[in-house]
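# Analysis of the macromolecular model
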Amino acid sequence: MSAFVGKYADELIKNAKYIATPGKGILAADESTGTIGKRLSSINVENIESNRQALRELLFTAPNALPYLSGVILFEETLYQKTVDGKPFVDVLLEANVLPGIKVDKGVVDLAGTNGETTTQGFDGLGARCAAFYKAGARFAKWRAVLKIGAIEPSELSIQQNAQGLARYAIICQENGLVPIVEPEILTDGSHDIKKCAYVSEMVLAAVYKALNEQHVLLEGTLLKPNMVTPGSDSPKVTPEVIAEYTVTTLRRTVPAAVPGIVFLSGGQSEEEATVNLNAMNKLEVLKPWTLSFSFGRALQASTLKTWGGKAENVAAAQATFLARCKANSEATLGKYGGDGAGGLASESLYVKGYKY
Amino acid sequence: MSCFKGKYADELIANATYIGTPGKGILAADESTGTIGKRLSSIGVENSESNRRALRELLFCTPGALQYCSGIILFEETLYQKTAAGKPFVEIMKENKVLPGIKVDKGTVELAGTNGETTTTGLDGLGQRCAQYYEAGARFAKWRAVLKISANEPSQLSINENAYGLARYAMICQENGLVPIVEPEILVDGPHDINKCADVTERVLAACYKALNDHHVLLEGTLLKPNMVTPGSDSKKVAPEVVAEYTVRALLRTMPAAVPAVVFLSGGQSEEEATVNLNAINKVQGKKPWSLTFSFGRALQQSTLKAWAGKEENVKKAQEVFLARCKANSEATLGKYQGGAAAEGATESLHIKDYKY
């Protein structure tokens, strides 16, 4: 076979397909200790383990929220944490039919000789780490590659490095029972228009799927986590329908139908924007041979975080906010979002220039 | 967009989509003068222009046959020929909503330093030739790249050369209003099993689609003409359902949904085998985001040729045989072929080792 069919093949295919269930999506709660620190400090909460644990408990035990999620991506620390009552988070998730996922990359480093382009680290001992995470209950993984649009970016070097890196990570995951989420994020930063974003996205995705083929990755046991195709952050906005059309066209031109699901990242979009765009894509009347869903971090948690403010007495209200966002995005995967989650915090832009995780 | 959208973009998309109309397919009648000579000599007929013309008139004027054809591929000479009564073939096709196609490659040459691998020639002046063919009524083109399976084949050189040749040809066609049929034929010759064929087919198709992306080809305005995935000619046969499963899987793993249709070549398969396999392919359950139809040469004409034997008094009988094959393959594109269209010779293998067109 062109694809590696190891001992986990059937399980990988089954899990990838499950994550892509229409009506469900992924909560990206895998902020590293440093990144979650920035979030906590924005609501004046100290970055200590118990606060990090409290935030994740708030999310994972929010009443009625888990049915809208097929997976939650965790940071390593969280994979081994428990609720205040002593129940492992992994058990909380598995009991609710939510697959635990794990962030396995170790951040980006600059590519010397380029204009601030990067490659992603994390290969050393990755196989062993994946096996350990599988033992701890993880069933999928995530690795974030980052590219940018500039006058001469992304460079061929950046595209090749990141595509091959994603492919190498993907096959190592599959050897160890984890469905790899392939994430080639092209940052929105810049004054380019939507056509330029489409152009670059198509080039990058074509390179990614060529690399996955070369490294014998079993596409049926993977997921894609791409950016939506949008104008640059310094460029005038366009309607959700335009974003939907450009995004779906780009994906139809590059992502083989063997991939069961595409779970979009939200980038710097506000909660409402991300939901409305996802909804528009699912309403588009064109053949889409993969499900289109979400893997949102900020776009699922931002207003929940603000509502919580670190205070126990706010937990119920924060959980209600979180539930509303989950439900809205679930509806968006079915093209049925009515826009009732709009307003207030949900419409605040979450864009941070040159965002570093 | 990553792809080039010139003045013919809408027309290319409409024509490519039309060729993939369920129930229709392509008659490959583009045998060069040399090749048709071999066919004619096999039935004791002289290779003269009037005999070549008579054969094509027999086919194109078969009552009721053209409704099953969305396109016919022609050799250059035929594009300018007429019926005995003086009506241009191209006009007959137009009246019957059949798109005329044109073979534009100039055959293969060996790649020095390889074990008999080849590349395809014909790029010089191709743009001008395409423009002329468009003027003469052609609306799609065909270019055959050839690869083989063996201990060390296909080599990376052969894959790259042929993929890039196809991409360059495709782009030039689109600049001049012709829908390019992309044909990376992997010969069936050899003792390899179906897994090996699948492995090679997936690698070759992945390389083709990367090359098409690199060259900015508009995928929505192209067609793919691949081999089905089968065991080698010196290997044990498998059931049509197995051929179907492996073939569809290879396409799902490599061919983007933007491509509207796949028009399979028949290779050395007998008429009946090719039809039965195409039928099984259309019965495969699961995702098939493109039409799956035929572009058959020998597998549509073989018994017709024998029935004709070059004799005027046999024309009607020969046309009935041809009609039966067209109808059978039309049903196969709908997964509705019941068998029984086999005329004398329909189950004869048409495999010739190391076949040279």
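The structure contained in this document is the topic of the report that follows. Since the model is a prediction, treat every value here as computed from it, not as a measurement.

Reading guide: rules and limits
- Residues numbered from 1 in each chain as written.
- Chains lettered and ligands numbered in written order.
- Predicted model: local features only at pLDDT ≥ 70, side-chain atom pairs only at ≥ 80, totals over all residues.
- Heavy atoms only, no water.
- Helix = DSSP H or I, 4+ residues; strand = E, 2+ residues; numbered from the N terminus.
- Rg over C-alpha atoms; globule rule 2.2 N^0.38 Å.
- Buried < 20%, exposed > 50% of the residue type's maximum accessible area, 1.4 Å probe, protein only.
- Contact = heavy atoms within 4.5 Å.
- Areas by Shrake-Rupley, 256 points an atom, 1.4 Å probe, with all protein chains shown as cover.
- Lys, Arg positive; Asp, Glu negative; His and termini not counted.
- Charge placed at Lys NZ, Arg CZ, Asp CG, Glu CD.
- Buried area = accessible area lost by both parts, 1.4 Å probe.
- Salt bridge = Lys/Arg side-chain N within 4 Å of Asp/Glu carboxyl O.
- Polar contact = N/O pair within 3.5 Å; in protein donor to acceptor, adjacent residues only side chain to side chain.
- Nonpolar A, V, L, I, M, F, W, Y, C, P; charged D, E, K, R; others polar.
- 1 Å grid on protein atoms, 1.4 Å probe; cavity = no way out; pocket = protein on both sides within 12 Å on 5 of 7 lines; lining within 4 Å.
- Points joined across faces, edges and corners; volume = space filled by probe spheres on them.
- Core = buried A, V, L, I, M, F, W, Y, C linked by side-chain atoms within 4.5 Å.
- Pairing = 2+ DSSP bridges.
- Phe/Tyr/Trp six-rings, centres within 6.5 Å; stacked < 30°, edge-to-face > 60°.
- Lys NZ or Arg CZ within 6 Å of the ring centre and 35° of its normal.
- Axes fitted to C-alpha atoms, helices over the stretch in contact; angles between N-to-C directions.
- Parallel < 35°, antiparallel > 145°, perpendicular 65-115°, else oblique.
- Left-handed = near helix turned anticlockwise from the far one by under 90°.

## Things to note about the overall build of chain B
Per the secondary structure count, chain B includes 12 helices and 10 strands. Taking 21 Å as the expected radius of gyration for a compact globule of 357 residues, we find that chain B reaches 19 Å, a close match to that expectation. Principal-axis analysis of the C-alpha atoms places the extent of chain B at approximately 50 × 50 × 40 Å. Out of the 357 residues in chain B, the part that is buried amounts to 62%. If you take every contact in chain B between residues at least 6 apart in sequence, the share linking residues at least 24 apart comes to 80%. Carbon and sulfur atoms form 51% of the exposed surface of chain B, whose accessible area is close to 13,300 Å². Put simply, chain B has 41 plus and 40 minus side-chain charges, and the middle of one group is 3 Å from the middle of the other.

## Some details on the interface of chain A and chain B
In many analyses, interface size is given as the accessible surface area lost on bringing the parts together. Residue-level contacts link 28 residues of chain A with 27 residues of chain B. When chain A packs against chain B, the two sides together hide about 2,400 Å² of surface, and 58% of this comes from carbon and sulfur. The interface formed by chain A and chain B holds 2 salt bridges in total. For B:Glu220, the salt bridge goes to A:Arg253, with nearest N and O atoms at 2.8 Å. On inspection of chain A and its partner chain B, the count reaches 11 residue pairs in polar contact (both at pLDDT 80 or more). Counting only elements with at least two residues in the side of chain A that touches chain B, the list comes to α8 (194–214) and α9 (240–254) of chain A. Broken down by element, the residue count for the side of chain A that touches chain B peaks at 9 residues, all from α8(A). Of the residues assigned to the side of chain A that touches chain B, the class counts are 18 nonpolar, 4 polar and 6 charged.

## Thoughts on the environment of A:Lys283
Residue and element names in this part refer to chain A. Its location among the elements puts Lys-283 in helix α10 (residues 271–283). Through-space distance from the C-alpha of Lys-283 to that of Ala-244 is 8.7 Å; in sequence the pair is 39 residues apart. Among all residues touching Lys-283, those that are not within four sequence positions of it are Lys-288 and Gly-335.

## Describing empty space enclosed by the protein
The gaps left among the atoms become clear once a water-sized probe is rolled over them. Applying the stated criterion to the full structure yields 11 cavities of 30 Å³ or more. The volume enclosed by the largest cavity comes to roughly 300 Å³. Looking at the largest cavity, it is lined by 28 residues, and the ones nearest its centre are A:Tyr209, A:Thr254, A:Pro256, B:Tyr209 and B:Thr254. For the lining of the largest cavity, the secondary-structure elements that each account for two or more residues are α8 and α9 of chain A together with α8 (194–214) and α9 (240–254) of chain B. Its residues placed into classes, the lining of the largest cavity shows 14 nonpolar, 8 polar and 6 charged.

## As for the pattern of salt bridges
In the structure shown here, the tally under the stated rule is 35 salt bridges over all chains. The partner of A:Lys327 in a salt bridge is A:Glu331, and the shortest N-O contact between them spans 3.1 Å. One end of the pair is A:Lys327 and the other is A:Glu331, both in helix α12 (residues 315–333) and 4 residues apart, which spans about a single turn. Here B:Glu11 makes a salt bridge to B:Arg139, at a shortest N to O gap of 3.4 Å. Here B:Arg139 lies in the loop between α6 (126–135) and β6 (140–147) and B:Glu11 lies in helix α1 (residues 9–19), a separation of 128 residues in the sequence.

## Notes on the nonpolar core
A:Phe60, A:Tyr169 and B:Tyr169 are the most contacted members of the largest nonpolar core, which has 213 residues in total. Here A:Phe60 is in contact with A:Leu27, A:Ala29, A:Leu66, A:Val72, A:Leu74, A:Thr78, A:Phe89, A:Val92 and A:Leu93, once residues within four sequence places are set aside.

## A few points about the pairing of strand β2 (residues 69–74) of chain B
Residue and element names in this part refer to chain B. Taken across its 6 residues, β2 has 6 buried, putting it largely inside the fold. By the bridge criterion, 4 bridges tie β2 to strand β3 (residues 99–103) in an arrangement that is parallel. Of the residues in β3, the one forming a bridge with Ile-73 is Gly-101.

## Focus on helix α2 (residues 33–42) of chain A
Residue and element names in this part refer to chain A. Here α2 has its buried residues at Thr-35, Ile-36, Gly-37, Arg-39 and Leu-40. Tucked into the core, α2 has its buried residues touching α3 (49–60) and α11 (298–308). One or two steps after α2, the chain reaches Asn-44, where phi turns positive at roughly 55 degrees.

## Considering the packing of aromatic side chains
Scanning the entire structure with this criterion turns up 9 aromatic pairs over all chains. Summarising the aromatic geometry, the rings of A:Phe294 and A:Phe296 are spaced 5.6 Å apart at their centres and angled 40 degrees between planes, so their arrangement reads as tilted. Judged by relative accessible area, A:Phe294 falls into the buried class, the value being 0%. With centroids separated by 5.7 Å and ring planes inclined at 40 degrees, the aromatic side chains of B:Phe294 and B:Phe296 adopt a geometry described as tilted. Here a set of aromatic residues connected by ring pairs shows up, and it is made of A:Phe123, A:Trp143 and A:Tyr169. A cation sits over an aromatic face here: B:Arg139 above B:Tyr134, 3.7 Å from the ring centre. Its guanidinium or amino end placed over the ring of B:Tyr246, B:Arg249 lies 4.9 Å from that ring's centre, counting from NZ or CZ.

## Thoughts on the packing of α8(A) against α8(B)
Axis separation between α8(A) and α8(B) bottoms out at 10 Å; the angle between their running directions is 165 degrees. With respect to each other, α8(A) and α8(B) are oriented roughly antiparallel. As α8(A) runs across α8(B), the sense of the crossing is left-handed. Packed against α8(A), whose contacting residues are A:Glu202, A:Met203, A:Ala206, A:Ala207, A:Lys210 and A:Asn213, the element α8(B) presents B:Glu202, B:Arg203, B:Ala206, B:Ala207, B:Lys210 and B:Asn213 at the interface.

## What about unusual backbone geometry?
Leaving glycine out, the prevailing phi sign among residues is negative, and the prevailing peptide bond configuration is trans. The omega torsion of the bond from A:Glu153 to A:Pro154 falls at 5 degrees, within 30 degrees of zero and hence cis. Its location among the elements puts A:Pro154 in the loop between β6 (140–147) and α7 (156–175). B:Glu153 connects to B:Pro154 through a cis peptide bond whose omega is 0 degrees. Take B:Pro154: it is sitting in the loop between β6 and α7 (156–175). Even without being glycine, A:Asn97 reaches a positive phi, approximately 60 degrees. When you line up the elements, A:Asn97 lands in the loop between α5 (89–95) and β3 (99–103). Classification of A:Asn97 by relative accessible area gives exposed; the value is 52%.

## A closer look at the packing of α8(B) against α9(B)
Residues and elements named next belong to chain B. Taken N-terminus to C-terminus, the directions of α8 and α9 make an angle of 25 degrees; their axes are 9 Å apart at the nearest point. By the criterion of interaxial angle, the relationship of α8 to α9 is roughly parallel. Helix-helix and strand crossings are classified by hand; for α8 and α9 the assignment is right-handed. On α9, the residues touching Ile-194, Asn-195, Ala-198, Thr-201, Glu-202, Leu-205, Ala-206 and Tyr-209 of α8 are Val-242, Val-243, Tyr-246, Ala-250, Leu-251, Arg-253 and Thr-254.

## A closer look at the environment of B:Lys103
Residues and elements named next belong to chain B. For Lys-103, the location among the structural elements is in strand β3. Assessed through its relative accessible area of 11%, Lys-103 is described here as buried. Looking at Lys-103, its side chain comes within polar contact range of the main-chain oxygen of Asp-30, at 3.1 Å.

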